[in-house]
Amino acid sequence: MSEKKIKLYFDCDTGIDDAMALGYLLAESDKVDILAIGTVCGNVAADAGARNTLELARLAGFPAIPVAVGERDYLRQAYLCDVQHIHGDNGIGDIALEASHAKLAPLSAPDLLVELARAHPGELDILATGPLTNIAKALQLEPALGELIGTLTIMGGAALAPGNRTPVAEANIACDPEAAAMVFKAMKNIVMVPLDVTMSHTFEEADRLKLLSAESRFAQAIGQMLERYIQFYINTYGRKACALHDPVAAVLAVQGIGACLAPNVKVTIDDSDGPGRGQTLCDMRGRYMNYPPQRDANCHVVLSTELNMSELLLAKLLSLA
């Protein structure tokens, strides 16, 4: 008997690593049914992210997936793009993709998420690889969202690792700490995939060259995008390589966290205006006793994984038609 597919809502701010995550999810179409994709402001504006998503889905041969535009600003602050040096002016390394003629979904991303959660109670999983503004808005529309969904997998935060937006804060959480605080207060079925694990898995220049020489046009496009992305990360790794932030979260949303060190702990968000703004405060005091159960735990925090993420991701991207 065939295994039941995961029903997934994918919330993203489609930059380069979101594009890789999308490619992985589409390559796992025998395991994952992407019911909809919502875009949020982050790496690019929400509307630009939706356009990137439609074009990438068309390129991969999945033009019919509903794509909805979400929040164009953060809960408390207006959106301002400041990562062009990482993702390019268009979010995908300034490469040009053939336009998609698919229409955007008529609902906003938060409205569509709520509709799907109500239609598939207990069965819908969420993968969020951008700021959590859409998820927070969906919670405002449906306070029982956490009870309606299966698992919320988030690429974001830093537990024991340093931040990348500030010394303590990771970019997705730091962009909208108020939204993140709302989500972590309301939901207890969160898997947080933080910098602790995503910075430990990389694509090297050799991987990029394999993508460029692939038969898959999608893989070739990712290879072209990565030229910009890797150039940024030279100052982090000291070599031509890049972190696999969103793809690692996508893999774990599909594969689960059975092959991970992922203690279940209490996580709160610093949404103050002080130097800790955007920090994910993870209660890791059980570290020296193999993380005994915490009564108020709300989140599995992935610290490491036995999976070879670069090998797995490369194989899946190369497999796309």
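Above this text you will find the structure in question.
What this report covers is the structure whose coordinates are included nearby. (Residues numbered from 1 in each chain as written. Predicted model: local features only at pLDDT ≥ 70, side-chain atom pairs only at ≥ 80, totals over all residues. Heavy atoms only, no water.)

Here we take up the sheet that holds strand β3 (residues 67–69). Read across the sheet, 8 strands follow the order β3-β2-β1-β4-β5-β6-β13-β10 without closing on themselves; strand pairing throughout is mixed. Only two strands of the sheet have a single neighbouring strand rather than two, namely β3 and β10 (264–265). Relative to strand β2 (residues 32–39), strand β1 (residues 6–12) runs parallel, the two sharing 7 bridges. The residue of β2 that forms the bridge with F10 is I37. Against the sheet, helix α4 (residues 109–119) contacts β1, β2, β3, β4 (124–128) and β5 (149–155), and its axis sits at roughly 150 degrees relative to β2. Here helix α12 (residues 245–255) sits on the sheet and contacts β1, β2, β4, β5 and β6 (190–193); the angle it forms with β5, its principal contact strand, is near 160 degrees. (Pairing = 2+ DSSP bridges. Helix = DSSP H or I, 4+ residues; strand = E, 2+ residues; numbered from the N terminus. Contact = heavy atoms within 4.5 Å. Axes fitted to C-alpha atoms, helices over the stretch in contact; angles between N-to-C directions.)

Helix length check: helix α2 (residues 46–60) (15 residues) gives 21 Å between terminal C-alpha atoms against 21 Å at 1.5 Å per residue, within 8%. Of the residues making up α2, those classed as buried are A46, A48, G49, A50, N52, T53, L54, E55, L56, A57, L59 and A60. Looking at the buried side of α2, the elements it contacts are β1, α1 (16–27), β2, β3 and α11 (217–237). (Expected span 1.5 Å × (residues − 1). Buried < 20%, exposed > 50% of the residue type's maximum accessible area, 1.4 Å probe, protein only.)

The next point concerns the pairing of β4. The element β4 is largely enclosed, with a buried count of 5 among its 5 residues. Residues L124, I126 and A128 point to one face of β4 and D125 and L127 to the other, with burial holding for every one of them. Where β1 and β4 come together, 5 bridges link them in parallel fashion. Paired with K7 across the two strands is L124, which belongs to β4. Two elements, β4 and β5, share 4 bridges in a ladder whose sense is parallel. Bridge pairing in β5 links L124 to I149.

What follows concerns the nonpolar core. Grouped together as the largest cluster of nonpolar side chains are 70 residues, with contacts concentrated most on L25, F203, I222, M225 and L226. If one sorts the elements of this core by residue count, α11 sits on top with 10 residues. When near neighbours in sequence (up to four residues on either side) are disregarded, L226 contacts I16, M20, F203, R208, L211 and C242. Counting 43 residues, the second largest nonpolar core, distinct from the first, contains L139, A159, M192 and C282. (Core = buried A, V, L, I, M, F, W, Y, C linked by side-chain atoms within 4.5 Å.)

With that settled, consider the pattern of salt bridges. Applying the stated criterion across every chain yields a total of 16 salt bridges. The closest approach of N and O atoms between K4 and E123, which form a salt bridge, is 3.3 Å. In this pair, K4 is assigned in the segment before β1 and E123 in the loop between α4 and β4, connecting sequence segments 119 residues apart. A salt bridge links R118 to E142, with the shortest nitrogen-to-oxygen separation between them at 3.0 Å. Here the residue R118 occupies a position in helix α4, and E142 occupies one in the loop between α5 (133–141) and α6 (145–148), the gap between them amounting to 24 residues. In this structure E142 comes out as buried when scored by relative accessible area, which is 14%. (Salt bridge = Lys/Arg side-chain N within 4 Å of Asp/Glu carboxyl O.)

This part covers the side chain of H201. Relative to the assigned elements, H201 resides in the loop between α9 (195–198) and β7 (202–204). Judged by its relative accessible area of 12%, H201 is buried. Apart from residues lying up to four places away in sequence, H201 is in contact with C242, A243, L244, V248, T305, L307 and M309.

Next up on the list: the environment of L80. Note on placement: L80 falls in the loop between β3 and α3 (84–87). In this structure, the C-alpha to C-alpha distance between L80 and I92, residues 12 residues apart in sequence, is 17 Å.

Position of I92 relative to the elements: it lies in the loop between α3 and α4. Overall, I92 belongs to the buried group, its relative accessible area being 1%. Through-space distance from the C-alpha of I92 to that of Y229 is 9.1 Å; in sequence the pair is 137 residues apart. Each residue touching I92, except ones within four places of it in the same chain, is listed here: T14, G15, I16, N52, H87, L97 and M225.

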